[in-house]
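Close look at the chain arrangement
Chain by chain, the residues run as shown.
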Amino acid sequence: MKSSVLKKIIICAVSAVTVAFTAVSASACSIETDHPEVQITYDFNGESYEVKYTLYRNMYPHTVRHFIELAKENFYDNTIIHDYKTTDWFTGGYEYNEEDYTALSGNANQLSEYFELDSHSKEEAYYKLHLTPSVYKNRGYDDKQNETVKEEDALQTVMGEFYNNIHQDIEKGKLTAEYGCLKMFYYEKETTQKIYVTPTKDQIIMADYKKNCATSLFALQTGTSSSYSESNYAVFARLSSTEIFDDLVDAVNEYISSNHGGTASNFYTATDVRVDNLDTFSKESEKDRGISVTFNVPKTPIIIKSVKVTKY
């Protein structure tokens, strides 16, 4: 009898420890650090480059959360650098299809077709995702007359955490547009439309839609300076180490030197593309939906094979 009771006590104790350990483990998995980490694997000319980044959630919480949520959805996997500039490469909007890309990349008129195909553009897929909101088209009041926002008023864009928006309180340690950094990118809009952003759970602030309209696009800075500075774009990550990124940039530059006489313009095809085709919010829809821009599309693709979160 005593043996049976003792056995039950031991079993219960072990079960309790197991439950406690499981709860702690689950809690540990959901811990959000000030500096999450990601690894982006790039492919170029048959070689892979695994580049590690440190993200700055402590200063740019909405941008980092947005980027991580997209990465967890594998949204960025198998996308391309669709716009190559001397100091910045832009990505996050278009999938890589080897057959179509190879067939069309040398001709500007044909290449525009590549970006118009729904199977290549990521815009529709983006708007189908359920991401944590930070931008709202309206605000209201709860039963106690406190300002509030509602889920049905959320927009699919992310708050622009940069100096010329409403993110001027970060001075000490703020990120600058430096070599290797990641920047959330958006296309300039004509509208003067207002929206509401939630910098913290206790704040609701009126702001300009055109400065809070970033979706999935981001830029990698490949020069020491850039016209896409921290004043107007949210710089949210920097290289953990420059070595592998240096190798990637050097490989592209050496390829241009060896195959295109050192002339970067021979490396890409300038292609007119319409972007933000699904922006239904802007009142200046004739200007802000289907904006015409020119992409410098690399003839030899620079591919983002994957974006993996290695530390939350």
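Scroll up to find the structure this text is about.
Report follows, based on the coordinates. Keep in mind it's a predicted model, so treat the numbers as computed, not measured.

**Notes on the packing of aromatic side chains**
- Taken as a whole and assessed by the stated rule, the structure comprises 29 aromatic pairs.
- Centre to centre, the rings of Tyr76 and Phe218 are 5.0 Å apart; their planes meet at 80°, and the pair counts as edge-to-face. Placement of the pair is Tyr76 in the loop between helix H2 (61-72) and strand S3 (79-80) and Phe218 in strand S12 (residues 218-221), with a sequence separation of 142 residues.
- Measuring from ring centre to ring centre gives 5.0 Å for Tyr186 and Tyr233, while their planes differ by 35°; the resulting arrangement is tilted. Of the two residues, Tyr186 sits in the loop between strand S9 (182-184) and strand S10 (194-197) while Tyr233 sits in the loop between S12 and strand S13 (234-239), which places them 47 residues apart along the sequence.
- Stacked on the ring of Phe75, the Lys or Arg Lys122 has its end atom at 4.4 Å from the ring centre.

**Observations concerning the sheet that holds S10**
- Read from one edge to the other, the open sheet built from three strands follows the order S6-S10-S11, with strand pairing classed as antiparallel. At either end of the open sheet lies a strand with only one pairing partner, and these are strand S6 (135-136) and strand S11 (205-208).
- Two elements, S10 and S11, share four bridges in a ladder whose sense is antiparallel. Paired with Ile195 across the two strands is Ala207, which belongs to S11.

**What to know about the sheet that holds strand S16 (residues 302-311)**
- Strand order in the open sheet made by the nine strands is S3-S16-S1-S2-S13-S9-S12-S5-S4, with antiparallel pairing throughout. Edge positions in the sheet fall to S3 and strand S4 (83-84), since each has one partner strand and no second.

**Topic: the pattern of salt bridges**
- One pass over the structure, following the stated rule, counts eleven salt bridges.
- Its salt-bridge partner being Lys308, residue Asp77 comes within 3.4 Å of it at the nearest N-O pair. Of this pair, Asp77 sits in the loop between H2 and S3 while Lys308 sits in strand S16, and the two are 231 residues apart along the sequence.
- A single network of salt bridges, built from pairs that share partners, joins Lys189, Asp276 and Asp279.

What counts as what
Residues numbered from 1 in each chain as written. Predicted model: local features only at pLDDT ≥ 70, side-chain atom pairs only at ≥ 80, totals over all residues. Heavy atoms only, no water. Phe/Tyr/Trp six-rings, centres within 6.5 Å; stacked < 30°, edge-to-face > 60°. Helix = DSSP H or I, 4+ residues; strand = E, 2+ residues; numbered from the N terminus. Lys NZ or Arg CZ within 6 Å of the ring centre and 35° of its normal. Pairing = 2+ DSSP bridges. Salt bridge = Lys/Arg side-chain N within 4 Å of Asp/Glu carboxyl O.

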